[in-house]
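Tertiary structure, described
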Amino acid sequence: MNEPITIIRLVMSQDSGGIRQSERQYIPALKAKGLNVVGVVIGDSWGAYGDQREDFSVLVKTGVQSFKGGLISRVLSVLKEMKNFYKLKRKLQNEILFEQNFKDTKVVINIRRISLLLIAYQLSRQFKGKVIFHSGQSFNKGPLSVNRLFYGVLKKMKWLRIIANSQYSALSYGLASDDYVYPGFSDSRISSNPDIARNRIREEFGIDDSTLTFLYMARLHEAKAPDILIEAFGTSSEVRKNKSVLILAGGSSTGDYSDYLQEKICSLGMEKQIKLVGKVDNVSDWYAASDVFVNSRRGVEPFGISIVEAMANGLPVIASALGGPSETVSHQENGFLVSDSSVDGYREFIDKIHLDKGALARMSEESVKRAQYFTLESQIERYLLLVME
């Protein structure tokens, strides 16, 4: 890489889940490569990035249009968004001297959300750079859907490069099969003292070390299908016979949904075996405390960063076959891919793990091996190759 490069990464204060985790990892990794990287948070506050101010140094308090709905709705959103750029431009110029910092350097503006596209476009014009849209979404509708048409137009823009977060997502956008960069996982998500962490968490929740323990780690949201997983687990005769445990770690956007899940657990009489523990910070310790990871989903999982984190911690995985998991999980090698995202579909493989516990050690080793392809370092290299094209 001979040409100096500056990367402006635009994020939103309300980012959550895989996008938030990926962005928090990418800037330090890019800086370690000697690149000039500026993290810009757009929203009412620092939000998800407030504790990482050394990397996210600029806050622009402005709203952003959603770019949802039909084609006309999206065009109107573009027009409304145009006024936001001028506020952003003034703020950025005041916070960092672009004319000095960006002299004799290639400028790349990176976004993860389509709602930031117009702001990114205006910045690319000012600094004669290009926009990288590293999308965290995928589509599972036909070729004539609004999304396909919308992104089909965007692909023709010379100032824009669309990169998907998995091969599946790339194909769903109609991109070339190699136009993807996996989010990648950081070593910080691997427990440094797994035995200590395992013992501490299991002791805290009264789980014996020999008890087969499954882990769900994601937001408690209908799209993530925790209700389906709870019912599949709670109606498994193998689970009841072995007194296995399911831990659901993740916050909920609404208290009502958490209450609904707790009521479902109670109706199944599984209060002692299914535990809602809320949002957790020390995620690596929870991986260490568990034996099997489950990533449930009603629809497409574009990638699933928690899946590769779990694999790196040596956990076999049960996940939906639709989307990114089909690239990270090898069926019957380091876990199982569920083709039918239903209660029966998940219960089938929960039972299968109970009936062949001897396979867990082999699957654990395979998970660790496969996870190495999805390290943050390897994906940063791939990202930079695409950026510099």
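Shown above is the structure to which this text applies.
Figured I'd write up the structure that's included with this text.

Attention now goes to the environment of Val308. Here Val308 lies in helix α12 (residues 305–312). Once the C-alpha coordinates of Val308 and Ala371 are considered, the two residues, 63 residues apart in sequence, prove to be 5.8 Å apart. Those residues in contact with Val308 that sit more than four places away from it in its chain are Phe185, Phe303, Thr328, Ala371 and Phe374.

Another point: the side chain of Thr211. With respect to the secondary-structure elements, Thr211 resides in the loop between α7 (194–204) and β7 (213–217). In this structure Thr211 touches Arg202, Lys243, Ser244, Val245 and Asp291, once residues within four positions along its chain are discounted.

Here the focus is the pattern of salt bridges. In total, this model carries 17 salt bridges according to the counting rule given. Residue Lys33 is joined to Glu381 by a salt bridge in which the shortest nitrogen-to-oxygen separation is 2.3 Å. Of the two residues, Lys33 is situated in the loop between α1 (17–32) and β2 (36–42) and Glu381 in helix α16 (residues 376–387); the sequence distance between them amounts to 348 residues. For Glu381, a relative accessible area of 37% translates into the label partly exposed. The closest approach of N and O atoms between Arg198 and Asp291, which form a salt bridge, is 3.0 Å. With Arg198 in helix α7 and Asp291 in the loop between α11 (283–288) and β10 (292–295), the pair connects residues that are 93 residues apart, well separated along the chain. The exposure class assigned to Arg198 is buried, which follows from its relative accessible area of 16%.

Turning our attention to the sheet that holds strand β6 (residues 160–163). Strand order in the open sheet formed by six strands is β3-β2-β1-β4-β5-β6, with parallel pairing between adjacent strands. The open sheet has two edge strands with one neighbour each: β3 (56–60) and β6. Shown here is a sheet whose adjacent strand axes are inclined to one another by a mean of 25°, direction ignored. Sheet topology places strand β4 (residues 106–111) next to strand β5 (residues 130–134); four bridges connect them, and they run parallel. Within β5, the position partnered with Asn110 by the bridge is Ile132.

Another point: the packing of aromatic side chains. A full pass over the atoms with the stated rule returns 14 aromatic pairs. Considering the side-chain rings of Tyr121 and Trp159, the 4.6 Å spacing of their centres and the 45° angle between planes classify their relative orientation as tilted. Taken as a pair, Tyr121 in helix α4 (residues 117–126) and Trp159 in the loop between α5 (146–154) and β6 lie far apart in primary sequence, 38 residues in all. Classification of Tyr121 by relative accessible area gives partly exposed; the value is 24%. What makes Trp159 partly exposed here is its relative accessible area of 22%.

Most of α4 is tucked away, with seven of its ten residues classed as buried. All buried positions along α4 are accounted for by Leu117, Leu118, Ile119, Ala120, Gln122, Leu123 and Ser124. Phi turns positive, to about 50°, at Lys128, one or two residues after α4.

Here is what the cut-offs are and how they apply
- Residues numbered from 1 in each chain as written.
- Predicted model: local features only at pLDDT ≥ 70, side-chain atom pairs only at ≥ 80, totals over all residues.
- Heavy atoms only, no water.
- Helix = DSSP H or I, 4+ residues; strand = E, 2+ residues; numbered from the N terminus.
- Contact = heavy atoms within 4.5 Å.
- Salt bridge = Lys/Arg side-chain N within 4 Å of Asp/Glu carboxyl O.
- Buried < 20%, exposed > 50% of the residue type's maximum accessible area, 1.4 Å probe, protein only.
- Pairing = 2+ DSSP bridges.
- Axes fitted to C-alpha atoms, helices over the stretch in contact; angles between N-to-C directions.
- Phe/Tyr/Trp six-rings, centres within 6.5 Å; stacked < 30°, edge-to-face > 60°.

None of the figures reported here should be taken as evidence of function without further support.
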